[in-house]
Amino acid sequence: MAQYIKQNKLVPVVLVMFLTILLFGSGIFAATAAGPMEQLQKSVDELLRILQSQELKEPDKKSERKQLIDNATNEIFDFREMARSSLGQTWDTLTSEEQDQFVGLFTRLIEQRYKGKLDAYDNQKIIYKKELINGKKALINTAVIDKDLEILIDYRLKENQGKWLVYDLKIENVSLISNYRRDFDSIIRKEQFAGLVEKMSKQLEKSDTAN
Amino acid sequence: MIPHNVTMGKNFILQAVFILFLLFPVSHTQAAGETDLSAGSEPVLSSGKADEGPNGAEDDAGQEEKWEDEWEEADALADPLEPFNRFFFHFNDKLYFWVLKPVARVYSGIFPEEVQIAVRNFFDNLEAPARAINSLLQGNVRGSASEVARFTLNSTVGIIGFGDFAGDVMGLRSSNEDFGQTLAHYGAGGGFYINWPFLGPSNLRDSLGMLGDGYVHPFILLDVDRDVTIGLRTIEVVNSTALTLGDYELFVGTALDPYAAVKDAYQQYRNGLIQK
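Quantities reported herein were computed from a predicted structural model and do not represent experimental measurements. For every chain, the first residue of its written sequence is number 1, and the numbers climb from 1 along that sequence. Both sets of labels track the order of writing: A upward for chains, 1 upward for ligands. Reporting in this predicted model follows two pLDDT cut-offs: at least 70 for local features of residues, and 80 or more for side-chain atom pairs to be given and counted; totals over whole chains, interfaces and linings ignore these cut-offs and use all residues. Remark: hydrogens and water are excluded; side-chain values derive from all non-hydrogen atoms of the structure.

The next subject is the pattern of salt bridges. Salt bridge, as used here: a side-chain nitrogen of Lys or Arg that lies within 4 Å of a carboxyl oxygen of Asp or Glu. Scanning the entire structure with this criterion turns up 25 salt bridges over all chains. With its nearest N and O atoms 3.1 Å apart, the salt bridge here joins lysine 66 of chain A to aspartate 70 of chain A. Of this pair, lysine 66 of chain A and aspartate 70 of chain A both sit in helix 4 (residues 62-74), four residues apart, which is roughly one turn of the helix. Buried residues are those whose accessible area, probed at 1.4 Å on protein chains only, stays under 20% of the maximum for their type, while exposed residues exceed 50% and partly exposed ones sit between those limits. You can call aspartate 70 of chain A buried: its relative accessible area is 17%. Here arginine 131 of chain B makes a salt bridge to aspartate 124 of chain B, at a shortest N to O gap of 3.3 Å. In this structure arginine 131 of chain B comes out as buried when scored by relative accessible area, which is 6%. Salt bridges linked by common partners bring Asp178, Arg205, Asp206 and Arg270 of chain B together as one network. Working definition: helices are DSSP H or I runs of at least four residues, strands are E runs of at least two. Numbering for both runs from the N terminus.

Within the open sheet, the five strands sit side by side as 1-2-3-4-5 (chain A). Their pairing is antiparallel. A strand with exactly one partner marks an edge of an open sheet, and here the two such strands are strand 1 (125-134) and strand 5 (174-175) of chain A. Any two strands between which DSSP finds at least two bridges are classified as paired.

This brings us to helix 5 (residues 79-87) of chain A. All names here are of chain A. Where burial is concerned, most of helix 5 is hidden: seven out of the nine residues are buried. Along helix 5, the positions that sit buried rather than exposed are Phe79, Glu81, Met82, Ala83, Ser85, Ser86 and Leu87. Two residues or fewer past helix 5, glycine 88 is found with a positive phi of approximately 65 degrees.

Right, let's talk about the interface of chain A and chain B for a bit. Any two residues having at least one pair of non-hydrogen atoms within 4.5 Å are treated as being in contact. Listed by partner, the interface residues are 39 residues for chain A and 33 residues for chain B. The buried area of a pairing is the accessible area, by a 1.4 Å probe, that goes missing from both parts when the two are put together, added over both. Both sides of the chain A and chain B interface together cover about 3,200 Å² of buried area, and 51% of this is carbon and sulfur. Among the residues chain A hides against chain B, the three largest losses belong to Lys147, Arg156 and Arg182 of chain A. Together they make up 24% of the total. The interface formed by chain A and chain B includes one salt bridge. Close ionic contact of arginine 182 of chain A with aspartate 264 of chain B constitutes a salt bridge, the shortest N to O distance being 3.1 Å. Counting of polar contacts relies on pairs of N or O atoms within 3.5 Å, with two restrictions inside protein: one atom must be capable of donating a hydrogen and the other of accepting it, and residues adjacent in sequence are counted only when both atoms are side-chain atoms. Summed over the shared surface of chain A and chain B, the number is 13 residue pairs in polar contact (both at pLDDT 80 or more).

All names here are of chain A. Position of glutamine 39 among the secondary structure elements: in helix 3 (residues 36-52). In this structure glutamine 39 comes out as buried when scored by relative accessible area, which is 16%. Along the chain, glutamine 39 and lysine 163 lie 124 residues apart, while their C-alpha atoms are 8.0 Å from each other. Among all residues touching glutamine 39, those that are not within four sequence positions of it are Ala34, Gly162, Lys163 and Trp164.

Take the side chain of aspartate 257 of chain B next. Within the secondary structure layout, aspartate 257 of chain B lies in the loop between helix 12 (247-253) and helix 13 (258-275). Judged by its relative accessible area of 7%, aspartate 257 of chain B is buried. Once you skip the residues sitting within four places of it in the chain, aspartate 257 of chain B turns out to touch Asp183, Ser186, Ile187 and Lys190 of chain A together with Arg86 of chain B.

Attention shifts here to the packing of helix 3 (residues 82-110) of chain B against helix 13 of chain B. Residues and elements named next belong to chain B. Angles here are taken between N-to-C directions and fall from 0 to 180 degrees, while the axes themselves are lines fitted to C-alpha atoms, restricted in helices to the stretch in contact. Contact geometry of helix 3 with helix 13 gives a least axis separation of 10 Å together with a crossing angle of 100 degrees. By the angle between their axes, helix 3 is roughly perpendicular relative to helix 13. Listed contacts from helix 13 to Glu82, Asn85, Arg86 and Phe89 of helix 3 are Pro258, Tyr259 and Val262. Working rule for angles: under 35 degrees goes down as roughly parallel, over 145 as roughly antiparallel, 65 to 115 as roughly perpendicular, anything else as oblique.

Residue and element names in this part refer to chain B. Of the two faces of strand 1 (residues 193-196), both are covered, the one formed by Tyr193 and Asn195 as well as the one formed by Ile194 and Trp196. Relative to strand 2 (residues 200-203), strand 1 runs antiparallel, the two being bridged by four bridges. What sits directly across from asparagine 195, in strand 2, is proline 201. Hairpin connection of strand 1 to strand 2: three residues between the antiparallel strands, including phenylalanine 198 at a positive phi of 70 degrees.

With that settled, consider the pairing of strand 3 (residues 149-160) of chain A. Residues and elements named next belong to chain A. Pairing of strand 2 (residues 137-146) with strand 3, which is carried by ten bridges, proceeds in the antiparallel orientation. Its bridge partner being in strand 3, leucine 139 is matched across the sheet by arginine 156. Hairpin connection from strand 2 to strand 3: two residues lie between these consecutive antiparallel strands, with lysine 147 at a positive phi of about 50 degrees. Pairing of strand 3 with strand 4 (residues 163-171), which is carried by eight bridges, proceeds in the antiparallel orientation. Within the sheet, the bridge partner assigned to isoleucine 153 lies in strand 4 and is isoleucine 171. Counting the residues that bridge the hairpin from strand 3 to strand 4 gives two residues, and of these glutamine 161 lies at a positive phi of roughly 50 degrees.

Turning to the packing of aromatic side chains, a few remarks are in order. Planes of paired rings set the category: under 30 degrees apart is stacked, over 60 is edge-to-face and the rest tilted, where pairs are Phe, Tyr or Trp rings (Trp by its six-membered ring) whose centres lie within 6.5 Å. For the structure on display, the rule yields 19 aromatic pairs over all chains. Taken together, the ring pairs connect Phe102, Phe106, Tyr180, Phe184 and Phe193 of chain A into an aromatic cluster. Its end group placed over the ring of tryptophan 71 of chain B, arginine 156 of chain A keeps NZ or CZ at 4.7 Å from the ring centre. A ring is scored as having a charge over it whenever the NZ atom of a lysine or the CZ atom of an arginine sits within 6 Å of its centre and within 35 degrees of its normal.

This paragraph deals with helix 5 (residues 128-137) of chain B. All names here are of chain B. A large share of helix 5 lies buried, amounting to seven of its ten residues. Three or more residues of helix 5 are buried, namely Ala128, Pro129, Ala130, Arg131, Ala132, Asn134 and Ser135. On its buried side, helix 5 packs onto helix 4 (113-126), helix 6 (141-156), helix 8 (179-185), helix 9 (204-214) and helix 10 (218-221). Following helix 5 by one or two positions, glycine 139 has its phi on the positive side, about 80 degrees.

Among the nonpolar cores identified, the biggest contains 50 residues, and Leu87, Phe102, Phe106, Tyr155, Phe184, Leu196 and Met200 of chain A are the most heavily contacted of them. Looking at this core, the elements with two or more residues in it are helix 3, helix 4, helix 5, helix 6 (96-119), strand 2, strand 3, strand 4 and helix 7 (176-210) of chain A. Top element by residues in this core is helix 7 of chain A. It accounts for eleven residues. Not counting chain neighbours up to four residues away, the residues in contact with leucine 87 of chain A comprise Leu94, Phe102, Phe184, Ile188, Phe193 and Leu196 of chain A. Put simply, a nonpolar core is a bunch of buried Ala, Val, Leu, Ile, Met, Phe, Trp, Tyr and Cys residues held in one set by side-chain atoms that sit within 4.5 Å of each other. Counting residues in each nonpolar core, the second largest holds nine residues, with Tyr107, Val119, Phe122 and Phe219 of chain B among its members.

In C-alpha cells form, the structure reads like this:
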C-alpha cells in the first residue's frame, strides 16, 4: 500500500476497490453458482457431519445413516466416471449390465476406503488451498493437517449442469484411479473381468462382516 | 529377536547395495571423463547430458501451466524379482499384523500422541543432515540452508529435535529430499522394484539412496554403539507405526491385489517427490 501511495497510484486502487464493492453490492456476482471449491467444501463438510453425528450412530438409525452417507458421497464423486477410467480399455468390452454391476462394486470399494479414512476424522484441519478452473474442468489443492503433518490432497473435478463432481484425487501424489487401474489390471491379466468381479465381491463381503 | 533381524536385514542390504554403489559411480565418472576429453568427436552423450538440466526444468514449468492435462500414468516399474518381492511382501504383511501392530498398540496405549509426535520429530531431525546435503546436490541452495537452520534450531532450541521449533515458530519447512531423489535428479531411473524384507517397498535407485543417506546419519557419524542403534531404530519403527495405525489395513483391505497396489503407490509417491 505504501508503495502505491509513493508511486502516486492511489487513485486507481481506490477506484478498483470502489467498483468491486459496487459490483458485489449490486448482486452481479451473487447470481453465479458456487465454484467447484465451494461445492466440494460444502459436500465434504456435510459428509463429515453425518459420519460424526452421534445420533445417527444409534443401532436403529443404521439404514438411515447408510442412506445419508450414500447421498453425501454421490454429491462428491462421479462414481461411474471413476469406475470407467479405473478399468481402462476393459470397460468398452463390457455389456451395459456388466458396467452397471461394476460401478456398484467399485462405488462400495471407494466408499470404504474414503469412509474408513473419514471415520477416523477427529477435527483435523482441512485447508482448501487453491482452485484452478478451465471450462468444465477444475483442479483443487487441499491439505489435511494430521498429527502435525501436512498431507496433500488434490482433487480433479468435472462440471455437469452446474454441479462439480470429483473424478480422481491424489493423496501425497498417489492418484486413486491410477492406483486402482494397476490393481485391477493385475487381476484382469490373470483372471479376466469375471475374476475381478468375484474378487471385489469377496473383498466387500469380508469387510462388511468385519464392520 | 525382531530388532536383531531388522539389522541383519539392513546389514545385508547395505552390503549388497554398497557393492553396486562402488561399481556404479566409478564406471559412470570414467565414462563422463572420456566423453569430455573427446567432446569434439563424440557429441552425442555430452549434448544429451547438457540438455538434461534445462529440459527437466522446462518440463516442470510446462506441467505447472497445463494443469488441465490429465494426470499421466508412468510406465509400470520393471519387476524381474516379482516372485521374491511377493514373498517378502507377504512376509512383511504378516510381520505387521503379528508383531508390529500389537506392539505399536501397546506403545500407543502408554504414550500419548503428543509424545509420539515428539519422538517422530526427534528421528526426523536426525535425517536433516542428509536432506541438507541432497538439497545442495540438487542445486537447491535455499532448501539446503533451510535444512541446516532447521537442524541447528531444532537440535538446540527444539530440545535435541523433540520439538519442531523451526517449523512451528520460524515457518521453516522440511524439504524432504533424499539421495534417491538426487540420483533421479541426475537422470537415474528407478531400475526395478525391490520389496525388501523389513524395509518394505523400494527400487534399485532408492536402495542406493538409502545407503548413501545412511552414511551421513548421526548414528553413523557419532559412531553410536550397535546395540543402542538397534534399540533406537526399533523405537523409531514402533513409534511411526503407532502414529499411522489403521492406514495400512485400510489400504490393503480395499485393494484387490495389495502387492500391485502397494508397488504402484510407491512408484507414484516417489515420482511425486522427484518432480517437486
